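# Examination of the molecular architecture
Letter by letter, the chains look like this.
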Amino acid sequence: MRRIITLLGAVFALVLAWSAPAGAGGWAVTTLDPLDGIDAAAPGTTIDVGFTVRQHGVHPVDLSGPMKGGGAAIEIVDGSGEVLRFDAAPDGAVGHHVATVELPAAGEYEWRVVQGGFGPQDLGTLVVGGGAAGVVAADGGTWPAVARYGLPVLALAAAAYALAGPGLAGRRRVAAPVGA
């Protein structure tokens, strides 16, 4: 049983080490403002993309403070890996930013939001072409790696301890009697 607990502990440590966003002060979730007018926007036009960054999905984060780490931005990545970066400026409430994004040539692009010292968040696919643009939502994989992998492993480790813990806690070493 001790080997199982040791193995689960090692797996948990590896998962935590693998999830780099956790080392950046936790994780954040970005929510986009409504993308008014994006469907009618043609390649080469600009749109304002507003968004709010929330640490742990709850608390708005001031990215000009300790979590600045490159600031906030919208990045558009083409099929060859070229990155177009549009820096965002704080706007209004804490954690809210706006980036003025110039839509690239017609085609499909991946896009993401840079969340300062937190890991970037994928926004899905941006489709530009035919005089109009659109957004295909991200595939739902917006939870950071620590939440996707670390929490299930933590739950598994807790379950293993709950099953083995009472048995381990009940064992005590008894010293041999003196002179025996």
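A quick note: this is a predicted structure, and the numbers were derived from the prediction, not measured.

## Regarding the environment of Val-29
- By the secondary structure assignment, Val-29 is in strand E1 (residues 28–32).
- Classification of Val-29 by relative accessible area gives partly exposed; the value is 23%.
- If sequence neighbours within four positions are ignored, Val-29 has contacts with Thr-52, Val-53, Arg-54, Gly-57, Gln-115 and Gln-121.

## Topic: the side chain of Glu-75
- By secondary structure assignment, the location of Glu-75 is in strand E4 (residues 72–77).
- Looking at Glu-75, its side chain comes within polar contact range of the side chain of Arg-85, at 3.3 Å.
- Only 2.6 Å separates the side chain of Glu-75 from the side chain of Arg-112, close enough to count as a polar contact.

## Comments concerning the environment of Ile-74
- Take Ile-74: it is sitting in strand E4.
- Ile-74 sits in the buried class, given a relative accessible area of 0%.
- Separated by 23 residues in sequence, Ile-74 and Phe-51 have C-alpha atoms that sit 9.7 Å apart.
- Those residues in contact with Ile-74 that sit more than four places away from it in its chain are Val-49, Phe-51, Leu-84, Arg-85, Phe-86, Ala-99, Val-101, Trp-111, Arg-112, Val-113 and Leu-123.

## A word on unusual backbone geometry
- A positive phi is found at His-56, a non-glycine position, where the angle reads about 55°.
- Positionally, His-56 belongs in the loop between strand E2 (46–55) and strand E3 (59–60).
- A relative accessible area of 38% places His-56 in the partly exposed class.

## A look at the confidence of the model for the protein
- Of the residues in the protein, 58% reach a pLDDT of 70 or more, and the chain-wide mean stands at 74.
- For the stretch residues 16–24, pLDDT sits under 50, and the model shows nine contacts to residues farther than four places along the chain or on other chains.

## Structural notes on the nonpolar core
- Counting residues in each nonpolar core, the largest one holds 24 residues, and the members touching the most others are Ile-47, Phe-51, Ile-74, Ile-76, Val-101, Trp-111 and Leu-126.
- Elements with a contribution of two residues or more to this core: E2, E4, strand E5 (83–90), strand E6 (96–102), strand E7 (107–115) and strand E8 (121–129).
- Beyond its immediate sequence surroundings of up to four residues, Phe-51 is in contact with Thr-30, Thr-31, Leu-32, Asp-33, Ala-72, Ala-73, Ile-74, Ala-88, Gly-95, His-96, His-97 and Val-113.

The rules we used
Residues numbered from 1 in each chain as written. Predicted model: local features only at pLDDT ≥ 70, side-chain atom pairs only at ≥ 80, totals over all residues. Heavy atoms only, no water. Helix = DSSP H or I, 4+ residues; strand = E, 2+ residues; numbered from the N terminus. Buried < 20%, exposed > 50% of the residue type's maximum accessible area, 1.4 Å probe, protein only. Contact = heavy atoms within 4.5 Å. Polar contact = N/O pair within 3.5 Å; in protein donor to acceptor, adjacent residues only side chain to side chain. pLDDT = per-residue confidence, 0-100. Core = buried A, V, L, I, M, F, W, Y, C linked by side-chain atoms within 4.5 Å.

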